[in-house]
Amino acid sequence: MLRLRDGEMVSVSDGRGAWRTCRFVVGAALRPYGAITLDRQVRQTVTIGFALPKADRPEWIVQKLTEIGVDQILILRTERSVIRWDGERADRQLAKLNKVAREASMQSRRVFLPHLVGPINLDAVSSVVAASANGFGMGIALAEPGGRQLSVDTPVILIGPEGGWSAQEIATMPDHVNLGTTILRVETAALVAAARLVALRDAG
């Protein structure tokens, strides 16, 4: 608001598909200008899950996934995760990530906020994904070297920790996709998977 000039037009949204144009008026904040438009989300949902990396990298990942157009973001607990969020700390961190996603949505002019869930264990992913299904297929795959190519038929991609998935996790999720010929950091892998999936979805 500090950068807006008197009379400037802006768009506002409730984060659930409704938006309208408003005019900024000094001393009166925003005044509605035009009718409310409701966009319906009928496209296939893209979900990216990632194991927690260190420092502020989760915030960076959520910001970029939001800008790219990911619909659902899962924060994963994995066997080899170094960072653990539990109890009140998990609540605080998830609140911070939701704020990051909201700000990134504003910057990128999204009218649907991404849905953030977590931290959750790998065995809880299927139920979370099923609850958010919107009539499209919801195949789930791990990002793992040697896997198959990405496909829009598998719109849920899970990124493991820096140490990789454990043998048990790989066995639990037998469908694997390959993100390239090099070993990627968590944040790089999340963005590569997101950009490719969103491009495939939008091309269809």
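A brief report on the enclosed structure follows. (Residues numbered from 1 in each chain as written. Predicted model: local features only at pLDDT ≥ 70, side-chain atom pairs only at ≥ 80, totals over all residues. Heavy atoms only, no water.)

## Regarding the packing of helix 1 (residues 57-68) against helix 5 (residues 186-203)
Following both chains from N to C, one finds helix 1 and helix 5 inclined at 10°, their axes separated by 10 Å at the closest point. With respect to helix 5, the axis of helix 1 lies roughly parallel. Across the interface between the two elements, R57, W60, I61, K64, L65 and I68 of helix 1 pack against V186, E187, A190, L191, A194, A195 and V198 of helix 5. Residue classes in the contact of helix 1 with helix 5 are distributed as 10 nonpolar, no polar and 3 charged. (Axes fitted to C-alpha atoms, helices over the stretch in contact; angles between N-to-C directions. Helix = DSSP H or I, 4+ residues; strand = E, 2+ residues; numbered from the N terminus. Parallel < 35°, antiparallel > 145°, perpendicular 65-115°, else oblique. Contact = heavy atoms within 4.5 Å. Nonpolar A, V, L, I, M, F, W, Y, C, P; charged D, E, K, R; others polar.)

## What to know about the sheet that holds strand 5 (residues 47-51)
For sheets, the rule is that strands pair by backbone hydrogen bonds, running either parallel or antiparallel. The strand order across the open sheet formed by 6 strands is 7-6-5-9-8-10, and the pairing between neighbours is parallel. Each having just a single partner strand, strand 7 (115-121) and strand 10 (176-177) make up the two edges of the open sheet. Pairing analysis gives 5 bridges linking strand 5 to strand 6 (residues 72-77), with the strands arranged parallel. Among the inter-strand pairings, T47 is bridged to a residue of strand 6, identified as Q72. Here helix 1 sits on the sheet and contacts strand 5, strand 6 and strand 7; the angle it forms with strand 5, its principal contact strand, is near 170°. (Pairing = 2+ DSSP bridges.)

## What to know about helix 1
Taking 1.5 Å per residue as the helical rise, helix 1 with its 12 residues ought to reach 16 Å, and the 16 Å between its terminal C-alpha atoms agrees with that figure. Taken as a whole, helix 1 has its buried residues at R57, P58, I61, V62, L65 and T66. For helix 1, the buried positions fall inside an angular range of 170° around the axis, keeping them on one side. The inward-facing, buried residues of helix 1 contact strand 5, strand 6, helix 2 (87-108), strand 7 and helix 5. Once helix 1 finishes, G69 follows within two positions and takes phi at roughly 120°, a positive value. (Expected span 1.5 Å × (residues − 1). Buried < 20%, exposed > 50% of the residue type's maximum accessible area, 1.4 Å probe, protein only. Arc of directions from axis to C-beta.)

## Quick notes on unusual backbone geometry
With an omega dihedral of 0°, the bond running from G118 to P119 counts as a cis peptide bond. Mapped onto the elements of the fold, P119 is located in strand 7. Phi at A55 takes a positive value of approximately 55°, unusual for a residue other than glycine. Within the secondary structure, A55 is located in the loop between strand 5 and helix 1. The exposure class of A55 is exposed, given its relative accessible area of 74%. The phi dihedral of R109 is positive, around 60°, even though this residue is not glycine.

## Details of helix 2
For helix 2, which comprises 22 residues, the first-to-last C-alpha distance of 32 Å matches the rise-based estimate of 32 Å (1.5 Å per residue) to within 8%. Taken together, the buried positions of helix 2 are A90, Q93, L94, L97, V100, A101, A104 and S105. Looking down the long axis of helix 2, one finds its buried residues gathered within 135° of arc, a one-sided arrangement. For helix 2, exposure combined with an orientation more than 90 degrees from the buried face picks out E88, D91, R92 and M106. Against the buried residues of helix 2 lie helix 1, strand 6 and strand 7. Two residues or fewer past helix 2, R109 is found with a positive phi of approximately 60°.

## Some words on the environment of E187
Secondary-structure assignment places E187 in helix 5. Linking E187 and W60, residues 127 residues apart in sequence, is a C-alpha distance of 7.9 Å. In this structure E187 touches R57, W60, I61 and E162, once residues within four positions along its chain are discounted. At a separation of 2.8 Å, a polar atom in the side chain of E187 contacts the side chain of R57. (Polar contact = N/O pair within 3.5 Å; in protein donor to acceptor, adjacent residues only side chain to side chain.)

So, to be careful, I would describe these as geometric facts and stop short of saying anything about function.
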